[in-house]
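The lines below spell out each chain.
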Amino acid sequence: MEWDSDLEDPSGGEEEEEEEEEAGAAFLLNGGPGVFSSAVESALGSSPSSYGLVVTDAFEPDHPIIYVNEGFEKATGYRAEEVLGRNCRFLQCRGPFAQRRHSMVDSKVVSEIRKSLENGTFFQGDLLNFKKDGSPLMNRLQLTPIYEDNEITHFLGIQFFTEANVDLGPLPGVFNKDATSHTIRTAVDQTLFRPVAAVHGHLCREFCCMFQLSDEVLCQKILSRLSPRDIASVGSVCRRLYFLTKNEDLWRMVCQNAWGSEATRALETVTGAKRLGWGMLARELTTLEAAAWRKLTVGGAVEPSRCNFGACAVGNRVVLFGGEGVNMQPMNDTFVLDLNASHPEWQHVKVSSPPPGRWGHTLSCFNGSCLVVFGGCGREGLLNDVFVLDLDAKHPAWREVPGLEPPLPRSWHSSCTVDGTKLVVSGGCADSGVLLSDTFLLDLTMETPMWREIPASWSPPSRLGHSLSVYDGRKILMFGGLAKSGPLRLRSSDVFTIDLSEEEPRWRYITGSGMPGAGNPAGISPPPRLDHVAVSLPGGRILIFGGSVAGLHSASQLYLLDPTEEKPTWRVLNVPGRPPRFAWGHSTCVVGGTRAIVLGGQTGEEWMLSELHELSLASSRV
Ligand SMILES: Cc1cc2nc3c(=O)[nH]c(=O)nc-3n(C[C@H](O)[C@H](O)[C@H](O)COP(=O)(O)O)c2cc1C
């Protein structure tokens, strides 16, 4: 099937229209013989940010842009605020200040576009565009008119950008025309893609192939690949898209694509009655407009009283293990608080073969319902043992995992889990108060796992009391701690990241002020601190608060950082409600992806575990 021939036979009757819709759907679903399907499939099959999405206002003269997505910003280097209100043709000019279309942009394709806009018809074709920095891009552009009551209100542009194999020479405008135009031609030929002839205006609705698709296909194959922000914008384009973007299944897919399946699964554990719709959840977790502090009083007791325990969330349950009792007594008992219960109560759980008592250890959740304890300070000194527990097992029992070649015994280190199965341990304090800077990984799925040190040519300075937060799959962000700075130990506000999916992962310094040669930190950075709380939000952002902060700074002030931004910048997040006066890293956990629970108001050495503070990130509906 050729594109042109497919378009030359528009149907009239309803039945035929339905058939066509189905054919269109099958066409896209099966990958069909046409080039459009494979273009869409291959482009949308990649990450949602790899294509641009532009909406222009057809009522205003010269089609000004009213919306661009993040993919557009990333691919072109132009930010939304720089391009809103402009016509898209600036992409045909080399450099942000160029006034003229570049001579290598195919003027035939440009006049095809012009005709399509005049006639209100669908367009697709390839043309040369330029990024803000002047580098060339090949743009496989699709333009679709959006109708409301027989009138075109908007045009929707989808841009599949690929590298342009064009040598423009060292100076803009100086090039060997013959050689370069040949290269472009080859690039376009290789795509086996050609522009569709313009069709007259009144027929165009039948020809807007995106709109020929059934609701189901449009949702599952196109809209579900967009980001939450895009879906919100696309919903304001026309009635059909508005109703489609109200679909809960679509929003679930969009949230899953944006946040990963682990985060969406965690969000699903929030009890049915209290859970918002996915669309609302996406909005509230993106804007954080509903975030609020609230105080909770729970029943039961954690006895004997203690501090420096480990806590973490398993779904909607908070689990507490060990800690330091009176006279530095190391504890080894396990308590669970089920926040799904109508009157949550601390319950001592009888678990056989508990690990030796300890404090200053870490407790992390993996594989849905499992817990892992590492290190800490025990009766005999520092520890480097590993114990796991499946909380949902019929007869829960701690089991020691004999890890080969373990890291040095330590306390006040930081841990996290990646891939739901691997424990990551970094830094901490070894014997004689030596601070560590190493990073180790243990695969808990193996029978006798082998500790693996992540070799790094450079590591952040050694530290304790820092936090590790997982974002974007297998990336880890390290923040703060008490770090070695020359002969001194100072509180730090430095941010480092490492990507464990890289073949040779390496630590990168992101922002802060404590490193030699570092400039001003980006944005309003949190005052340096240790033993703080770090919460990973869906979508990759990290929220920091609490800990030990010098001076008069409020420990409950919230700071937000998005490490996925090109230049991550700290922002202050003001949240209503009553925050806790203190919040410590080892005593805080995130429940169901939307609530950070701070255990205990501290009075001197005592922790009042019946008084909790909750930072809820989404509003709850009862
Ligand atoms: C929604 C929409 C998106 C567009 N996207 C692009 C684009 O990515 N690159 C481009 O070169 N032109 C794009 N155009 C086309 C130009 O804006 C412009 O219409 C074209 O250059 C023809 O008009 P002109 O001859 O007045 O420049 C887009 C147009 C619309 C309506």
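Residues numbered from 1 in each chain as written. Predicted model: local features only at pLDDT ≥ 70, side-chain atom pairs only at ≥ 80, totals over all residues. Heavy atoms only, no water.

The protein has the name PAS domain-containing protein in an unreviewed UniProt entry, where Vanilla planifolia is given as its organism. The heading Pathway (unreviewed entry) in the UniProt record of the protein holds the text "Protein modification; protein ubiquitination." For the protein, the Subcellular location (unreviewed entry) comment in UniProt is given as "Nucleus". (UniProt positions renumbered as here; feature names shortened; annotations may be inferred.)

Draft legend 1. Broad picture of helix α15 (residues 278-287). The set of residues buried in α15 consists of Trp278, Gly279, Leu281, Ala282, Glu284 and Leu285. Taken together, the buried residues of α15 touch α11 (228-234), α13 (248-259) and α14 (261-268). (Buried < 20%, exposed > 50% of the residue type's maximum accessible area, 1.4 Å probe, protein only. Helix = DSSP H or I, 4+ residues; strand = E, 2+ residues; numbered from the N terminus. Contact = heavy atoms within 4.5 Å.)

Draft legend 2. Looking closely at the site of the ligand. Around the ligand lies a shell of 19 residues, among which Asn87, Arg89, Arg114, Asn129 and Gln159 are the nearest. Contact between the ligand and Cys88: an oxygen atom at 3.5 Å from a main-chain N or O atom of the residue. Contact with the protein chains covers 94% of the free accessible surface of the ligand, which is 610 Å². Secondary-structure elements contributing two or more residues to the shell around the ligand are α6 (107-119), β3 (123-130), β4 (136-148) and β5 (151-163). At four residues, α6 tops the list of elements feeding residues into the shell around the ligand. A class-by-class count of the residues in the shell around the ligand yields nine nonpolar, seven polar and three charged. (Near = heavy atom within 4 Å. Polar contact = N/O pair within 3.5 Å; in protein donor to acceptor, adjacent residues only side chain to side chain. Areas by Shrake-Rupley, 256 points an atom, 1.4 Å probe, with all protein chains shown as cover. Nonpolar A, V, L, I, M, F, W, Y, C, P; charged D, E, K, R; others polar.)

Draft legend 3. Quick look at the sheet that holds strand β7 (residues 299-300). Here we have five strands laid out as an open sheet, ordered β7-β11-β10-β9-β8, and mixed in their pairing. Looking at strand neighbours, the two that pair on one side only are β7 and β8 (310-314), the edges of this open sheet. Judged from the five bridges that link them, β8 and strand β9 (residues 317-324) form a sheet pairing that is antiparallel. Within β9, the position partnered with Ala311 by the bridge is Leu320. (Pairing = 2+ DSSP bridges.)

Draft legend 4. Highlighting the nonpolar core. Among the nonpolar cores identified, the biggest contains 50 residues, and Leu223, Leu241, Leu543, Phe545, Leu558, Leu615 and Leu617 are the most heavily contacted of them. For this core, the element with the most residues is α13, which contributes five residues. (Core = buried A, V, L, I, M, F, W, Y, C linked by side-chain atoms within 4.5 Å.)

Draft legend 5. The arrangement of the sheet that holds strand β20 (residues 463-464) in detail. The antiparallel open sheet is built from three strands, whose spatial order is β20-β23-β24. Edge strands, defined here as strands with exactly one partner in the open sheet, are β20 and β24 (488-491). Of the pairings in the sheet, the one linking β20 to strand β23 (residues 482-485) comprises two bridges and is antiparallel in character. Residue pairing in the sheet places Arg463 in a bridge with Ala483 of β23.

Draft legend 6. Fine view of the side chain of Asp230. With respect to the helices, strands and loops of the structure, Asp230 is situated in helix α11. Of the side chains with opposite charge, Arg229 lies nearest to the buried Asp230, which makes no salt bridge, at 5.3 Å. Ignoring sequence-local partners within four residues, the contact set of Asp230 consists of Leu53, Tyr67 and Asn69. (Lys, Arg positive; Asp, Glu negative; His and termini not counted. Salt bridge = Lys/Arg side-chain N within 4 Å of Asp/Glu carboxyl O.)

Draft legend 7. Up close: unusual backbone geometry. Note the cis peptide between Glu303 and Pro304, where omega equals 0°. One can find Pro304 in the loop between β7 and β8. The phi torsion at His63 lies on the positive side, around 45°, for a residue other than glycine. Owing to a relative accessible area of 18%, His63 belongs among the buried residues under this scheme. Positive phi values are uncommon outside glycine, yet Ser432 reaches one of about 60°.

Draft legend 8. Looking closely at the packing of aromatic side chains. Scanning the entire structure with this criterion turns up ten aromatic pairs. Where Tyr242 meets Phe243, the ring centres are 5.2 Å apart and the plane angle is 80°; that geometry is what we call edge-to-face. A relative accessible area of 55% places Phe243 in the exposed class. Seen from their ring centres, Phe440 and Trp451 are 6.3 Å apart, and the 80° between their planes marks the pair as edge-to-face. Note that Phe440 is positioned in strand β18 (residues 435-443) and Trp451 in the loop between β18 and β19 (452-453), a separation of eleven residues in sequence. Judged by its relative accessible area of 9%, Phe440 is buried. Assessed through its relative accessible area of 4%, Trp451 is described here as buried. In textbook terms, an aromatic cluster arises when at least three aromatic residues are bridged by ring pairs, as seen for Phe374, Phe440 and Trp451. (Phe/Tyr/Trp six-rings, centres within 6.5 Å; stacked < 30°, edge-to-face > 60°.)

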